[in-house]
Amino acid sequence: MAQVMSQPLSDRINNLPISQTLAMAAKARELREQGKDIISLSLGEPDFNTPDFIKDAAIQAINDNYNSYTPVNGYGELREAICRKFKRDNNLDYNINQIVVSTGAKQSIANVAMVLLNPGDEVILPAPYWVSYSAITTLAEATYVEIPTSIETDFKITPEQLQAAITPRTKMIFFNSPNNPSGTVYTEAEYRALAEVLENHPGIYVLSDEIYEHINYGEPNFSFAAIESMYERTITVNGVAKAFAMTGWRIGYIGAAEWIAKACNKMQGQITSGANCIAQRATITALDAPVEKIQYMVDEFHKRRDLVLELLGNIEGIKTNVAQGAFYVFPDVSFYFGKTIDGQRVENASDFAMLLLEKANVATVTGDAFGAPNCIRISYAASQEELKEAIRRIAELLS
Ligand code: GLU
């Protein structure tokens, strides 16, 4: 009889939750391959192609023989382009030694967590938050403290809540506006009120994830580091995936104090080295282009947001807020908890998301993964036809 091999994996990986966004996308793909007519509204990924002017720059880079290892923190020309972008879009002054380019903003965030957090440190996560913030915090052996919010307050935290969450162990807080998964956008005034609280706690660092900055239909994006008292201790994270439809190209970056950038460079030098050479060259072109060049995608996302809110608004028990940015809506579906629908009992958001997948063939992501157990996330980075059909199916199931 074959012997069962032991699989002595590390505690680190055994304790790591899987990414629910990626898991749901994989599940949708798998069911499709089995012949099921699944509409996937699970992954936050633009359904547009990368614009031609960016693709041309990549082709040029290949022909120009950009094929060698890149500097760990990114090509100097790219870091210069990132500095220009930060000045133009965010009124932030960084020099190239404050920039580190990584293989996606996810790596940028992981670098920051690894270089700033020690075991026992606390990280504040305003909920809902993107699934990987909590997982990366755990990987860095710190613990996270959630600040709960609800749809009634547009999923925003207040200065009082922030103050109450701070302890002597607090080392970092994540801000993310426009927010994944809620679409919430903080105003400058709201950010300044939160900064006032942090001014009394000089040991707390802020990771401001601004990856959705251009996909915003509300107040203009405001960068946390633009608050003078916060500049030195804010790490601004961004990338090209969402705005330029370049998810697979994997380019993210940070702007931060030089000592933090230097530490991230050192960390990355032992793990992946510099990001992909072709993608870096293409990113220079993307960032130097006027933002008007990508407005057609933003306009389309805006139309889809309106469509999705209108259609969901006709379904009993689905409560939505007006998401101002990103490409997600995050309805509260707790009305259905404790009910049986089409023979299937729904106790929580995970059951609800599973119900939609199994009975309506629509993939979404449970709010549990984002620290918001009453909600589900619907990504509207899909065509209007798909969105209409998906919501028609959901409405039919719930009626
Ligand atoms: N950030 C996107 C999402 O939330 C892509 C998947 C991921 O990396 O989590 O769906």
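It should be emphasised that the depicted structure is a prediction, and the values quoted were computed from it without experimental measurement.

Asker: How would you explain the sheet that holds strand β7 (residues 234-239) if you had to name every residue and give the values?
Answerer: Overall, mixed pairing links the seven strands, which are arranged β2-β8-β7-β6-β5-β3-β4 in an open sheet. Among the strands making up the open sheet, the edge pair consists of β2 (99-102) and β4 (143-147). Across the sheet, the mean angle separating the axes of adjacent strands is 20° when strand polarity is ignored. As defined by bridge partners, β7 adjoins strand β8 (residues 252-255) across four bridges and the pair is classed as antiparallel. Residue pairing across strands places Val 237 opposite Ile 254, the latter belonging to β8. Relative to β7, helix α5 (residues 105-116) is tilted by about 160°, and along the sheet it contacts β2, β5 (170-176), β6 (205-209), β7 and β8.

Asker: Can you lay out the packing of α5 against helix α6 (residues 131-139) for me, pointing to particular residues and giving the numbers?
Answerer: Contact geometry of α5 with α6 gives a least axis separation of 9 Å together with a crossing angle of 35°. Handedness of the crossing formed by α5 with α6: right-handed. From α5, Lys 106, Ile 109, Ala 110, Ala 113 and Met 114 reach across to α6, where they touch Ser 132, Tyr 133, Ile 136 and Leu 139. A class-by-class count of the residues in the contact of α5 with α6 yields seven nonpolar, one polar and one charged.

Asker: Quick one: what's the story with the nonpolar core, residue by residue and with numbers?
Answerer: In this structure, Met 172, Ile 235, Phe 244, Phe 352 and Leu 398 are the most contacted members of the largest nonpolar core, which totals 116 residues. Discounting chain neighbours no more than four positions away, the residues touching Phe 352 are Ile 318, Val 333, Tyr 336, Val 346, Ile 376 and Leu 398. Counting residues in each nonpolar core, the second largest holds 20 residues, with Tyr 191, Ala 195, Val 197 and Val 206 among its members.

Asker: Explain the site of the ligand to me, using residue names and the numbers behind them.
Answerer: Taken together, Thr 21, Leu 22, Leu 43, Gly 44, Lys 106, Trp 130, Asn 180, Lys 242, Tyr 328 and Arg 377 make up the full set of residues adjacent to the ligand. Lys 106 is positioned such that a nitrogen or oxygen atom in its side chain is 3.0 Å from an oxygen atom of the ligand. Contacts to the ligand include Arg 377, whose side-chain N or O atom sits 2.8 Å from an oxygen atom. Considered on its own, the ligand offers 280 Å² of accessible surface; in the complex 87% of this is hidden by protein. Here the residues of the shell around the ligand are counted per class, giving four nonpolar, three polar and three charged.

Asker: Describe the packing of helix α3 (residues 52-63) against helix α10 (residues 277-288), naming the residues involved and giving the relevant values.
Answerer: For the pair α3 and α10, interaxial distance at closest approach is 8 Å and the crossing angle is 140°. Accordingly, the angle class assigned to the pair α3 and α10 is oblique. Crossing hand, α3 versus α10: right-handed. Facing Phe 53, Ile 54, Ala 57, Ala 58, Ala 61 and Ile 62 of α3, the residues of α10 in contact are Ile 278, Arg 281, Ala 282, Thr 285 and Ala 286. Looking at side-chain class alone, the contact of α3 with α10 contains nine nonpolar, one polar and one charged residues.

Asker: Hey, could you go over the sheet that holds strand β9 (residues 328-329) for me, with residue numbers and the actual values?
Answerer: Sheet architecture is open: three strands sit in the order β9-β14-β13, paired in antiparallel fashion. Whereas interior strands pair on both sides, the edge strands pair on one side only; in this sheet they are β9 and β13 (365-366). Pairing geometry for β13 and strand β14 (residues 376-379), over two bridges, is antiparallel. Residue pairing across strands places Thr 366 opposite Ile 376, the latter belonging to β14.

Asker: Can you lay out unusual backbone geometry for me, pointing to particular residues and giving the numbers?
Answerer: A cis amide bond, omega 5°, links Ala 127 with the succeeding residue Pro 128. As for its position among the elements, Pro 128 is in the loop between β3 (122-126) and α6. Of note, the bond from Asn 180 into Pro 181 is cis; its omega dihedral lies within 30 degrees of zero at 20°. For Pro 181, the position within the fold is in the loop between β5 and α8 (188-199). One non-glycine residue with positive phi stands out, namely Arg 250, at about 60°.

Criteria and thresholds
Residues numbered from 1 in each chain as written. Predicted model: local features only at pLDDT ≥ 70, side-chain atom pairs only at ≥ 80, totals over all residues. Heavy atoms only, no water. Pairing = 2+ DSSP bridges. Helix = DSSP H or I, 4+ residues; strand = E, 2+ residues; numbered from the N terminus. Axes fitted to C-alpha atoms, helices over the stretch in contact; angles between N-to-C directions. Contact = heavy atoms within 4.5 Å. Left-handed = near helix turned anticlockwise from the far one by under 90°. Nonpolar A, V, L, I, M, F, W, Y, C, P; charged D, E, K, R; others polar. Core = buried A, V, L, I, M, F, W, Y, C linked by side-chain atoms within 4.5 Å. Buried < 20%, exposed > 50% of the residue type's maximum accessible area, 1.4 Å probe, protein only. Near = heavy atom within 4 Å. Polar contact = N/O pair within 3.5 Å; in protein donor to acceptor, adjacent residues only side chain to side chain. Areas by Shrake-Rupley, 256 points an atom, 1.4 Å probe, with all protein chains shown as cover. Parallel < 35°, antiparallel > 145°, perpendicular 65-115°, else oblique.

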